[in-house]
Amino acid sequence: MSTVLVWFRRDLRCHDNATLRRAVAEADTVVPLYCLPDRLTGEGMFGLDRVGPHRAQFLIESLADLRESLRDRDGELYVRSGDPGTVVPEAAEEFDADAVYWQALPGPEERDEAGSVRAGLADAGIDSETFWTHTLYHRDDLPRPPDEIEDTFTPWKDRTEAKATVRPPKPAPEWVHAPNGGRRASSGADDLPTLADFGFGEDEATVDDRGVLDWTGGETAGLDRVATYVWERDCLREYRETRNGLVGADYSSKFSPWLSFGCLSPRQIHREVEQYETDRVENDSTYWLVFELTWRDFFQYQLAKYGAKWFQPGGIRDRDDIRWRRDRAQFERWARGETGIPFVDANMRELNATGYVSNRGRQNVASFLSNNLRIDWRLGAAYFESRLVDYDVASNWCNWAYQSQVGNDSRDSYFEIVGQATHYDPEGAYVTRWCPELSALPPEYVHEPWTMSEHEQADYGVELGTDYPAPMIDLEASYEKLR
Ligand SMILES: Cc1cc2nc3c(=O)[nH]c(=O)nc-3n(C[C@H](O)[C@H](O)[C@H](O)COP(=O)(O)OP(=O)(O)OC[C@H]3O[C@@H](n4cnc5c(N)ncnc54)[C@H](O)[C@@H]3O)c2cc1C
């Protein structure tokens, strides 16, 4: 009679979960365990919350859904909190496990955590094994191991596409046999975490009505979103044309929160794309969604390659020629969406109110903080870490470094915020959605209210410094310094 404990991490799903499948195939009883690490309920860098209310809610819902899925399979999800290095080995002993299996992750904290779990298990004489399950291309299938990969996306992608294939996703196991003939997790010790555990009240996780989606965590909701976006609404056929949108549920897939928590497997999405190409249409758009998932992989492997360097001011390029500022007051104006630059403010307000903001918006607000304000880009990354519902350590920190000229891009580019705003939001519909105080302005002023004369401000009823902030910097002058 053998027992395997499966330590769930960012793989909160039953489908395409090699860790769970192997445990089910090898053991008589399987103990699925989630441990909420203490580090997630406290403060992170710069004293900011590690996990904000929207992501906390998404995690809680994802765990509830996983528990239901396991119960449907005769299984159970046990839930603990604390330091995984102590909690996981203790649980393994409590359930008399012969081995513990878990998902390998590339982040330095996650690797350290796994190292202490492994050491604790070894002390107790319990075997352990890890599985790589969160990328499109499996680590073992890469033409070069992660520590030897290219630092530029395109050559890495070309080589990977030419030499590797995406493994087919595996179905969910039919049964997950719980110990003690299906003993339910006790109420009390195994209760799901609550918002209060993260220090939030119920109302703080509410998603503003203006948000793109009412996020629901869990594998069930993630698979539903795939069915809706790809099949019901048929959006995939024009993804490439719509993906830079700003308003609405369907300009992009919105798969990211479910991917980040592992409620969705990227290989399952890949399979759906292939099926769609067979049944409906194969075009640039269908390729492009997979292309974006390949970007996601690139950053996962970049994190594996450079580890803690991603969290240093000079990034992976060891740059020491940029003087990063730590002006907390300016940072807070940016974070609150009160910079006086409407396109920046609208995106920050959307992030704060919903936990999500478009890729176009993320690029612009990141570029504004790190290039125009020259504020330590890591403050921005840590703020995103706290607020995003889809936060992923690799996708967040590597994208921030990229926008801040300390990551993978070598072109040292920055965004012309007003140019971006007028291109992607020509009528100002997005900006006025999140900055309603600018609604009375004609489109030519929505993105540059500071160009209005005092008379015009009075005529439109938008007085800068009273109804809407005056710009916190002279944008044009800040570009001069970068040129
Ligand atoms: C400063 C900054 C911070 C970011 N932080 C995160 C983060 O913490 N978590 C996160 O998932 N994404 C992050 N992104 C990437 C991207 O903005 C989001 O993945 C995307 O907006 C999510 O919406 P979607 O699922 O509709 O994307 P889609 O356009 O539908 O793309 C499909 C999937 O591809 C992946 N993807 C797309 N673009 C990127 C990219 N640039 N980098 C990595 N993966 C990508 C995502 O998994 C996404 O769900 C960040 C981008 C920037 C510029």
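Residues numbered from 1 in each chain as written. Predicted model: local features only at pLDDT ≥ 70, side-chain atom pairs only at ≥ 80, totals over all residues. Heavy atoms only, no water.

Colleague: Can you help me understand the sheet that holds strand E3 (residues 78-82) in this one?
Modeller: Hydrogen bonds along the backbone pair up the strands of a sheet, which may run parallel or antiparallel. The 5 strands lie next to each other as E3-E2-E1-E4-E5, forming an open sheet whose pairing is parallel. A strand with exactly one partner marks an edge of an open sheet, and here the two such strands are E3 and strand E5 (127-131). Looking at each pair of strands side by side, their axes are set apart by 25 degrees on average, direction ignored. Here 6 bridges tie strand E1 (residues 3-8) to strand E2 (residues 29-37), and the two strands are oriented parallel to one another. Across the sheet, residue Trp7 finds its bridge partner in E2, namely Leu33. In the packing of helix H2 (residues 53-72) onto the sheet, the strands contacted are E1, E2 and E3, and the crossing angle to E2 comes to about 175 degrees. This element, helix H4 (residues 108-123), spans E1, E2, strand E4 (99-103) and E5 of the sheet and lies at about 175 degrees to E4. (Pairing = 2+ DSSP bridges. Helix = DSSP H or I, 4+ residues; strand = E, 2+ residues; numbered from the N terminus. Axes fitted to C-alpha atoms, helices over the stretch in contact; angles between N-to-C directions. Contact = heavy atoms within 4.5 Å.)

Colleague: What am I meant to see in a negative patch on the surface here?
Modeller: A contiguous patch of negative charge, built from Glu43, Asp49, Glu202, Asp203 and Glu204, is present on the exposed surface. If you trace the backbone, Asp203 turns up in the loop between helix H5 (153-163) and helix H6 (219-232). (Patch = residues over 30% accessible without salt bridge, like charges linked within 9 Å, V, L, I, M, F, W, Y side chains within 5 Å. Areas by Shrake-Rupley, 256 points an atom, 1.4 Å probe, with all protein chains shown as cover. Salt bridge = Lys/Arg side-chain N within 4 Å of Asp/Glu carboxyl O. Lys, Arg positive; Asp, Glu negative; His and termini not counted. Charge placed at Lys NZ, Arg CZ, Asp CG, Glu CD.)

Colleague: Would you mind showing me how to read the pairing of E4 here?
Modeller: On any regular strand, side chains alternate: one points to one face of the sheet, the next to the other face. Here E4 lies mainly inside the structure; 5 of its 5 residues are buried. What you see with E4 is no split at all: Ala99, Tyr101 and Gln103 on one side and Val100 and Trp102 on the other are buried throughout. Pairing analysis gives 4 bridges linking E1 to E4, with the strands arranged parallel. In the strand pairing of E4, Val6 is matched with Tyr101. Here 5 bridges tie E4 to E5, and the two strands are oriented parallel to one another. Within E5, the position partnered with Tyr101 by the bridge is Glu129. Handedness of the E4-H4-E5 crossover: right-handed. (Buried < 20%, exposed > 50% of the residue type's maximum accessible area, 1.4 Å probe, protein only. Right-handed = clockwise from strand over helix to strand, strands pointing away.)

Colleague: Is there a simple way to think about the layout of surface pockets in this case?
Modeller: Any empty space left between the atoms is revealed when a probe the size of a water molecule rolls over them. Within this model, the largest pocket holds a volume of roughly 1,300 Å³. Around the largest pocket sit 48 residues that line it, and Arg243, Glu292, Trp295, Asn359 and Asn399 are the ones nearest its centre. Elements with a minimum of two residues in the lining of the largest pocket: H5, helix H8 (256-260), helix H10 (284-306), helix H13 (359-372) and helix H15 (393-403). Of all the elements, H10 adds the most residues to the lining of the largest pocket, at 9 residues. In terms of domain composition, the lining of the largest pocket takes at least three residues from each of domain 2 (135-169 + 216-306) and domain 3 (316-482). (1 Å grid on protein atoms, 1.4 Å probe; cavity = no way out; pocket = protein on both sides within 12 Å on 5 of 7 lines; lining within 4 Å. Points joined across faces, edges and corners; volume = space filled by probe spheres on them. Domains from an automatic or database assignment.)

Colleague: Explain unusual backbone geometry here, please?
Modeller: Leave glycine aside and you will find that most residues have negative phi; peptide bonds, for their part, are mostly trans. For Asp234, which is not a glycine, the phi torsion comes out positive at approximately 60 degrees. Residue position: Asp234 is located in the loop between H6 and helix H7 (239-242). A positive phi angle, near 50 degrees, is found at Asp318, a position not held by glycine. Structurally, Asp318 is set in the loop between H10 and helix H11 (328-336).

Colleague: What am I meant to see in the domain arrangement of the protein here?
Modeller: Reports often express the size of an interface as the amount of accessible area lost when the parts come together. With domains assigned, the protein is organised as domain 1 (1-133), domain 2 (135-169 + 216-306) and domain 3 (316-482). The straight-line distance from the C-alpha centre of domain 1 to that of domain 3 is 37 Å. At the junction of the two partners, domain 1 supplies 13 residues and domain 3 supplies 21 residues. Interface area for domain 1 against domain 3, summed over the two sides, is near 1,400 Å², with a carbon-plus-sulfur share of 58%. Per-residue buried area on domain 1 facing domain 3 is highest for Phe46, His54 and Arg55; these three make up 47% of the total on that side. On the surface where domain 1 and domain 3 come into contact, there are 1 salt bridge. The residue Glu385 makes a salt bridge to Arg50 at a minimum N-O spacing of 2.6 Å. Inspection of the domain 1/domain 3 interface yields 8 residue pairs in polar contact (both at pLDDT 80 or more). (Buried area = accessible area lost by both parts, 1.4 Å probe. Polar contact = N/O pair within 3.5 Å; in protein donor to acceptor, adjacent residues only side chain to side chain.)

Colleague: Quick question: what am I supposed to make of the site of the ligand here?
Modeller: Lining the immediate environment of the ligand, one finds 27 residues, of which Tyr239, Ser252, Ser253, Lys254 and Asn359 sit closest. Here Asp392 contributes a backbone N or O atom positioned 3.1 Å from an oxygen atom of the ligand. One of the side-chain N or O atoms of Asn396 is found 3.4 Å from a nitrogen atom in the ligand. When the ligand is considered free in solution it has 820 Å² of accessible area, and contact with the protein chains removes 97% of it. Counting atoms within 2 Å of the grid points, the majority share of the ligand lands in the largest pocket. For the shell around the ligand, the secondary structure elements donating two or more residues are H8, H10, H13 and H15. Here the shell around the ligand takes 5 residues from H10, the largest share from any one element. Residue classes in the shell around the ligand are distributed as 12 nonpolar, 9 polar and 6 charged. Among the domains, domain 2 (135-169 + 216-306) and domain 3 (316-482) are the pair contributing at least three residues each to the shell around the ligand. (Near = heavy atom within 4 Å. Sits in = over half its atoms within 2 Å of the grid points. Nonpolar A, V, L, I, M, F, W, Y, C, P; charged D, E, K, R; others polar.)

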